[in-house]
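Descriptive analysis of the structure
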Amino acid sequence: MVVARRFRADLFYRLSVFPITLPPLRERPEDIPLLVRYFVNKFARRMNKEFNYIPDEVMEPLQKHDWPGNIRELQNFIERAMIMSPGPDLRLPSNELKSLARSDKPSVARTLAEAERDHIMRVLREVGWAVGGSDGAAARLGMARTTLIYRMQKLGIVLERAAAAGVS
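Structure report, in brief.

What counts and how
Residues numbered from 1 in each chain as written. Predicted model: local features only at pLDDT ≥ 70, side-chain atom pairs only at ≥ 80, totals over all residues. Heavy atoms only, no water. Helix = DSSP H or I, 4+ residues; strand = E, 2+ residues; numbered from the N terminus. Expected span 1.5 Å × (residues − 1). Contact = heavy atoms within 4.5 Å. Axes fitted to C-alpha atoms, helices over the stretch in contact; angles between N-to-C directions. Parallel < 35°, antiparallel > 145°, perpendicular 65-115°, else oblique. Left-handed = near helix turned anticlockwise from the far one by under 90°. Nonpolar A, V, L, I, M, F, W, Y, C, P; charged D, E, K, R; others polar. Phe/Tyr/Trp six-rings, centres within 6.5 Å; stacked < 30°, edge-to-face > 60°. Buried < 20%, exposed > 50% of the residue type's maximum accessible area, 1.4 Å probe, protein only. Patch = residues over 30% accessible without salt bridge, like charges linked within 9 Å, V, L, I, M, F, W, Y side chains within 5 Å. Areas by Shrake-Rupley, 256 points an atom, 1.4 Å probe, with all protein chains shown as cover. Salt bridge = Lys/Arg side-chain N within 4 Å of Asp/Glu carboxyl O. Polar contact = N/O pair within 3.5 Å; in protein donor to acceptor, adjacent residues only side chain to side chain. Core = buried A, V, L, I, M, F, W, Y, C linked by side-chain atoms within 4.5 Å.

A short note on helix H2 (residues 32-47)
Compared with an ideal rise of 1.5 Å per residue, which puts 16 residues at 22 Å, H2 spans 22 Å between its outermost C-alpha atoms and is within 8% of the ideal. Here the buried face of H2 lies against helix H3 (56-64) and helix H4 (70-84). Of the residues trailing H2, Asn-48 is marked for its positive phi of about 55°.

Below you can see the structure in the form of structure tokens.
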């Protein structure tokens, strides 16, 4: 975006001084109960409703769901459930409960390029954005450094993040 002049270069480098990476919600199911409780409390105040209890039969499918929309999708889902719940116990609409139960299967919507990009990004984060060297991403991925650089360019993975963070 900086190259295309859709994002200010100086702002990009200032924001990159302290990069914060957060894995997707599907990789942190242990966070879901905390987020659900937070959203229930937030919406209960807004709706002037009292919700005392979140049953296990509600929490379990929420933790198993893939949440491709991440936290925003979870937030919207909880708000909808609270609107539909008549009493002090959070209830999920039965038709939506069935759709969550079906989500136990891995998502087939991801392309091979998306999976490859995610894997390369995860390895780069693990090694502190080091591409080459014996402990670099290329070695961990079992490929030549130049091959990794080519794939990163092809997948739109920008090394400027590492340079801005002071990592070579």
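Things to note about the packing of helix H6 (residues 112-126) against helix H8 (residues 145-155)
As a packed pair, H6 and H8 sit with axes 10 Å apart at the nearest point and diverge in direction by 120°. Between H6 and H8, the interaxial angle falls into the category oblique. Classified by chirality, the crossing of H8 by H6 is left-handed. Residue-level inspection shows Ala-113, Glu-116, Arg-117, Ile-120 and Leu-124 of H6 in contact with H8, the latter providing Leu-148, Arg-151, Met-152 and Leu-155. Broken down by class, the residue content of the contact of H6 with H8 amounts to six nonpolar, no polar and three charged.

A short note on the packing of aromatic side chains
In this description, a pair of aromatic rings is defined by centroid distance and the angle of the planes. Considering all chains together, one arrives at three aromatic pairs under this definition. Taking 6.3 Å as the distance between ring centres and 25° as the angle between the ring planes, the aromatic pair formed by Phe-39 and Phe-43 counts as stacked. Of this pair, Phe-39 and Phe-43 both sit in helix H2, separated by four residues, roughly a single helical turn. The two residues Phe-39 and Phe-43 agree in class, both being buried. Among the aromatic residues, ring-to-ring pairing joins Tyr-38, Phe-39 and Phe-43 into one connected group.

Regarding unusual backbone geometry
In this structure, Trp-67 is a non-glycine residue whose phi angle is positive, near 50°. Within the fold, Trp-67 resides in the loop between H3 and H4. For Asn-70, which is not a glycine, the phi torsion comes out positive at approximately 60°. Here Asn-70 is to be found in helix H4.

Here we look at a nonpolar patch on the surface
A cluster of nonpolar side chains, Val-17, Phe-18 and Ile-20, forms an exposed patch at the surface whose accessible area comes to about 390 Å². Tracing the chain through its elements places Val-17 in the loop between helix H1 (9-15) and H2.

Some words on the side chain of Ser-85
With respect to the secondary-structure elements, Ser-85 resides in the loop between H4 and helix H5 (94-101). With a relative accessible area of 3%, Ser-85 lands in the buried category. In terms of polar contacts, Ser-85 uses its side chain to reach the backbone carbonyl oxygen of Ala-81, at 2.7 Å. Residue contacts for Ser-85: discarding those within four places in its chain leaves Lys-49, Phe-51, Leu-90 and Arg-91.

What to know about the nonpolar core
Soluble globular proteins: nonpolar side chains tend toward being buried together. With 21 residues, the main nonpolar core has Val-36, Val-40, Leu-62, Leu-74, Ile-78, Met-82 and Leu-90 as its most contacted residues. For this core, the elements supplying multiple residues, two or more each, are H2, H3 and H4. If we skip the residues at most four places from it in the chain, Leu-74 touches Leu-25, Leu-35, Val-36, Phe-39 and Trp-67.

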